[in-house]
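# Report on the structure
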Amino acid sequence: MATLSVTSAPQSAAAGLRNDLIAAAVIAVVGAIGYFVFPDDLAFLIRVIGLAFLVISLDLVTGYCGVATLGHAALFGVGAYAAGNVCLAGVTDPILMLLTGVIAGTATGLMSGLLVTRFRGLPQLVLSIAFGQLVAALANKLSSITGGSDGLAGIAPGPVFGVFNFDMFGRTGYIFSVIVLLVTMVTLLRFSRSPFALMCRAIKDDTLRARMIGVAVYPRLVVMYCVAGAVAGLGGALTAINTGVVGLDSVGFERSAEALIMLILGGAGNLWGALIGAILFELFHHYVSAASPFHWMILIGLLLIVVVLFFPKGLVNEVTRRIGDLRQRRAAR
Amino acid sequence: MTALLDVQRLSKSFGGLRVTDDVSFTLSSGDRVALIGPNGAGKTTLVNQLSGDLLPSGGRILLGGVDVTTASIPERVRGGLVRTFQVTRLFTSLTVAENVALAVMQRRGLTKRMFSSVIDRADVRDEWQSVLSLLGIGHLAATPVTKLAYGQQRLLDLAIGLAMKPRVLVLDEPAAGVPHDESPRILEAIGRMSPEIAILMIEHDMDLVFKFAKRVLVLANGALIFEGTPAEVKENDAVRAAYLGSYANARRAS
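The written sequence of each chain sets the order in which its residues are numbered from 1. The lettering of chains begins at A and the numbering of ligands begins at 1, in the order of writing. With the structure being a predicted model, the display of local features is reserved for residues of pLDDT at least 70 and the display and counting of side-chain atom pairs for 80 or more, all residues being used for whole-chain, interface and lining totals.

As recorded in an unreviewed UniProt entry, chain B goes by ABC transporter ATP-binding protein and comes from Rhodopseudomonas palustris. UniProt positions are given in the numbering used here, feature names are shortened, and annotations may be inferred rather than shown by experiment. The Sequence similarities (unreviewed entry) field of the UniProt record for chain B holds the comment "Belongs to the ABC transporter superfamily." Per UniProt, the comment on chain B under Function (unreviewed entry) is "Involved in beta-(1-->2)glucan export. Transmembrane domains (TMD) form a pore in the inner membrane and the ATP-binding domain (NBD) is responsible for energy generation."

For chain A, the name recorded in an unreviewed UniProt entry is Branched-chain amino acid ABC transporter permease, with Rhodopseudomonas palustris as its organism. The annotation that UniProt attaches to chain A under Subcellular location (unreviewed entry) is "Cell membrane".

Further remarks concern the overall build of chain A. Here a helix means four or more residues in a row that DSSP labels H or I, a strand means two or more in a row labelled E, and each is numbered from the N terminus. Secondary structure assignment for chain A yields 14 helices and zero strands. Counting helices and strands in the order they occur from the N terminus, chain A gives α-α-α-α-α-α-α-α-α-α-α-α-α-α. Its C-alpha atoms give chain A a radius of gyration of 20 Å, near enough to 20 Å, the size a compact globule of 333 residues would have. With C-beta atoms placed from the backbone, a residue counts as buried when 20 or more other C-beta atoms lie within 10 Å of its own, as exposed when 12 or fewer do, and as partly exposed for counts between those limits. Taken over 333 residues, chain A has a buried fraction of 47%. Just to be clear, the radius of gyration here is over C-alpha atoms, and the globule rule we use is 2.2 Å times residues to the power 0.38.

What follows covers the overall build of chain B. Each helix and strand counted, chain B has nine helices and 10 strands in total. Against the compact-globule benchmark of 18 Å for 254 residues, chain B has a radius of gyration of 19 Å, which places it among compact chains. Judged by the C-alpha coordinates and their principal axes, chain B covers about 60 × 45 × 35 Å. A total of 254 residues make up chain B; the buried ones form 44% of that total. In chain B, once contacts between residues fewer than 6 apart in sequence are set aside, the share between residues at least 24 apart is 66%. Here, residue contact means that the backbone-derived C-beta atoms of the two residues sit within 7 Å.

Our next topic: the domain arrangement of chain B. Residues and elements named next belong to chain B. Just so you know, the domain bounds were taken from an automatic or database domain assignment. Examined at the domain level, chain B breaks down into domain 1 (1-80 + 166-254) and domain 2 (91-165). Here the C-alpha centre of domain 2 lies 26 Å away from the C-alpha centre of domain 1. Contact with domain 1, which involves 13 residues of that partner, is made by 12 residues of domain 2. Element by element, the count of residues in the side of domain 1 that touches domain 2 is highest for helix α6 (residues 183-191), at three residues. In this classification, the charged set is Asp, Glu, Lys and Arg, the nonpolar set is Ala, Val, Leu, Ile, Met, Phe, Trp, Tyr, Cys and Pro, and all remaining amino acids, among them Gly, are polar. Counted by class, the side of domain 1 that touches domain 2 contains nine nonpolar, one polar and three charged residues.

Take the interface of chain A and chain B next. Contacts between the two partners involve 26 residues from chain A and, on the opposite side, 35 residues from chain B. Secondary-structure elements contributing two or more residues to the side of chain A that touches chain B are α7 (171-192), α8 (195-205) and α9 (207-212) of chain A. Here the element with the most residues in the side of chain A that touches chain B is α8(A); it accounts for seven residues. Partitioned by chemical class, the residues of the side of chain A that touches chain B number 13 nonpolar, six polar and seven charged.

Under the local residue numbering, the UniProt record ascribes the feature "transmembrane region" (unreviewed entry) to residues 21-38, 44-61, 73-91, 97-115, 173-191, 212-239, 259-281 and 293-311 of chain A. Between the C-alpha atoms that bound residues 73-91 of chain A there is a distance of 24 Å. The span itself is 84% helix and 0% strand.

What follows is about the confidence of the model for chain A. Per-residue confidence from the prediction method is given by pLDDT, with values spanning 0 to 100. On average, residues of chain A carry a pLDDT of 91, and 96% of them reach 70 or more. Overall, residues 1-9 of chain A carries pLDDT values under 50, and its contacts beyond four positions in sequence, including any with other chains, amount to 20 contacts.

Our next topic: the sheet that holds strand β5 (residues 66-67) of chain B. Residues and elements named next belong to chain B. Each pair of strands is called paired provided DSSP finds at least two bridges between the two strands. The sheet built from four strands is open, its strands ordered β2-β1-β4-β5 with antiparallel pairing. The strands lining the two open edges of the sheet, one partner per strand, are β2 (17-27) and β5. When strand β1 (residues 5-14) meets β2, the two strands line up antiparallel, connected through seven bridges. When the sheet's bridge partners are listed, Leu10 is paired in β2 with Val23. Simply put, an axis is a line fit to the C-alpha atoms, just over the touching stretch for a helix, and the angle between two N-to-C directions goes from 0 to 180 degrees. Packed on one face of the sheet, helix α1 (residues 43-51) meets β1, β2 and β4 (58-63) and runs near 60° to β2.

Attention shifts here to the sheet that holds strand β8 (residues 198-202) of chain B. Residues and elements named next belong to chain B. On the basis of which strands lie adjacent, the open sheet formed by six strands has the order β6-β7-β8-β3-β9-β10 and mixed pairing. The sheet is open, and its two edges are formed by β6 (81-83) and β10 (223-228), each paired on a single side. Averaged over all pairs of adjacent strands, the angle between strand axes in this sheet comes to 20°, irrespective of strand direction. With four bridges joining them, strand β3 (residues 32-36) and strand β9 (residues 215-220) adopt parallel strand pairing. From the neighbouring strand, Ile36 faces β9, where its bridge partner is Val218.

So, on to the nonpolar core. Note on definitions: a nonpolar core is a set of buried residues drawn from Ala, Val, Leu, Ile, Met, Phe, Trp, Tyr and Cys, linked by C-beta atoms within 7 Å. If you look at the biggest cluster of nonpolar residues, it comprises 167 residues, and the most contacted ones within it are Ala52(A), Val55(A), Val100(B) and Ala159(B). Counting contributing residues, this core receives three or more from each of domain 1 (1-80 + 166-254) and domain 2 (91-165) of chain B. Those residues in contact with Ala159(B) that sit more than four places away from it in its chain are Val100(B), Val131(B), Leu132(B), Leu135(B) and Ile137(B).

A few words on α8(A). Counting buried residues along α8(A), 10 of its 11 residues qualify, which places the element largely inside the surrounding structure. Along α8(A), the positions that sit buried rather than exposed are Pro195(A), Phe196(A), Ala197(A), Leu198(A), Met199(A), Cys200(A), Arg201(A), Ala202(A), Ile203(A) and Lys204(A). On the buried face of α8(A), the contacting elements are α7, α9 and α10 (217-243) of chain A together with α3 (96-107) of chain B.

Here the focus is unusual backbone geometry. All names here are of chain B. The backbone of Arg9 shows a phi angle near 45°, a positive value even though the residue is not glycine. Assignment of secondary structure puts Arg9 in strand β1. For Arg9, a count of 12 C-beta atoms within 10 Å translates into the label exposed.

Okay, here's the thing in structure tokens:
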């Protein structure tokens with residue numbers, strides 16, 4: 001599929017637009033399938049979409065820029081808390097709540113990025129964990145705005161555009177989430193083809209070489225962190241809108257680690273990889289933990305080992321590479 | 001005429017070890033200068049100081065009359081000082097065209113754009129295509145860098161440097177690792193570069209040096225021990241003792 005190509009030859013504007021339309025169509029069709037085939041599991045699917053934002057956001061800094069982080073949930077959680085708080089303060093419009101999440105996520109991304117991208121390698125990883133833990137500790141302590149360990153409850157968003165009420169079956173929430181995902185994904189796919197994102201990939205490949213063509217690396221990584229913060233904050237806000245509660249788990253270390261696992265599973269450096277990784281992990285988690293509540297973690301561990309051994313670049317990257325090779329061989333014949 | 005690059009009494013020490021020892025030289029527009037010296041003479045250390053990867057312990061570097069001794073790497077690049085590397089450094093997850101286009105877009109201030117792909121815009125495309133054609137790798141534009149032969153990678157390394165439209169281009173062993181029969185292609189590519197660029201080339205391959213350079217700087221133990229034309233360098237006893245002796249012996253043996 002053209003939209004899944006990882007390393008693209010220069011694309012014309014028309015090809016780019018075609019890819020955007022294909023991407024939108026794919027998300028809309030898969031979203032519709034989810035709605036009609038699993039009408040009783042919409043709450044689960046909504047959760048998956050919320051997490052997908054976190055993984056896509058992580059992909060922007062890890063997959064595109066090579067930043068190692070295990071504190072990314074902070075960006076997601078702060079977005080969720082911010083959206084929850086404005087709702088409790090009376091701003092119940094879901095779009096405004098999303099916007100609040102984006103702003104809070106961007107601000108957190110800025111702070112995190114300023115700190116984390118100063119370094120490379122292990123110091124960077126340690127700083128990212130420290131930042132995540134700091135935010136988690138603050139979330140626990142500042143119970144007046146986070147609800148502490150009880151969580152922030154009673155978030156009751158108003159109807160979307162003043163018309164579509166959120167229902168107990170999650171129908172409105174699901175459709176709303178799919179549309180937000182679709183818009184975000186198409187926007188980010190455009191972004192991923194931009195000179196800015198291309199330069200980020202170049203920085204990941206060889207930072208010194210990038211500097212030698214005149215790039216000031218640090219400010220660029222910080223900007224990318226802000227973009228990632230906006231996406232994660234959006235996902236956090238969306239989750240707060242849909243579930244009505246924000247708990248400490250939304251900023252926790254475990255959430256950050258899981259997001260990294262999802263990204264590696266799907267394929268870093270590819271937005272589709274991030275999205276599909278999140279979906280596959282959550283599906284696996286959902287069904288395997290239902291079938292085997294005590295052993296599912298072992299099976300997840302085994303799955304990851306198999307993926308890393310046989311698909312070291314992630315499922316999506318590996319599949320697209322093999323399709324590309326196959327096409328080349330056919331063309332050579 | 002003001003020198004494009006003016007290196008004044010540059011020195012660098014690591015602890016007690018003096019790796020660059022009071023080095024002075026100038027480069028003017030159109031210069032074709034080779035920097036030679038035995039292994040460990042401090043050639044790459046000197047280049048690293050010119051490019052800003054390493055700060056000198058003493059002395060000054062002027063680029064177009066401006067003191068860039070402590071300037072950052074991007075500042076020097078903006079001033080027109082561009083280098084390539086002894087070991088190829090490329091953006092390996094990208095295609096050949098993307099590698100060169102990035103340099104073009106960066107120079108033209110287009111890489112801050114977040115929502116429009118300009119790599120295919122006519123003026124940008126013309127530029128990266130012409131650089132690739134100049135170096136004879138235009139047909140490889142859509143090829144991923146990882147699928148290039150080593151000689152082609154070296155040419156791409158040069159192409160990225162050229163796409164920056166340098167005033168001073170420092171080539172750190174452009175033919176290193178390239179099979180001997182392919183090194184003329186590198187030389188040919190360098191020969192096609194704009195005559196206005198001042199080029200400083202570090203090279204071990206003496207055939208290449210003598211074909212390329214109008215002027216040769218000889219470095220030994222961090223200090224410049226000789227500067228002259230290729231013919232003078234061949235005849236100089238001090239140079240022979242420090243460097244060419246071993247080269248001549250090697251040639252005789254082969």
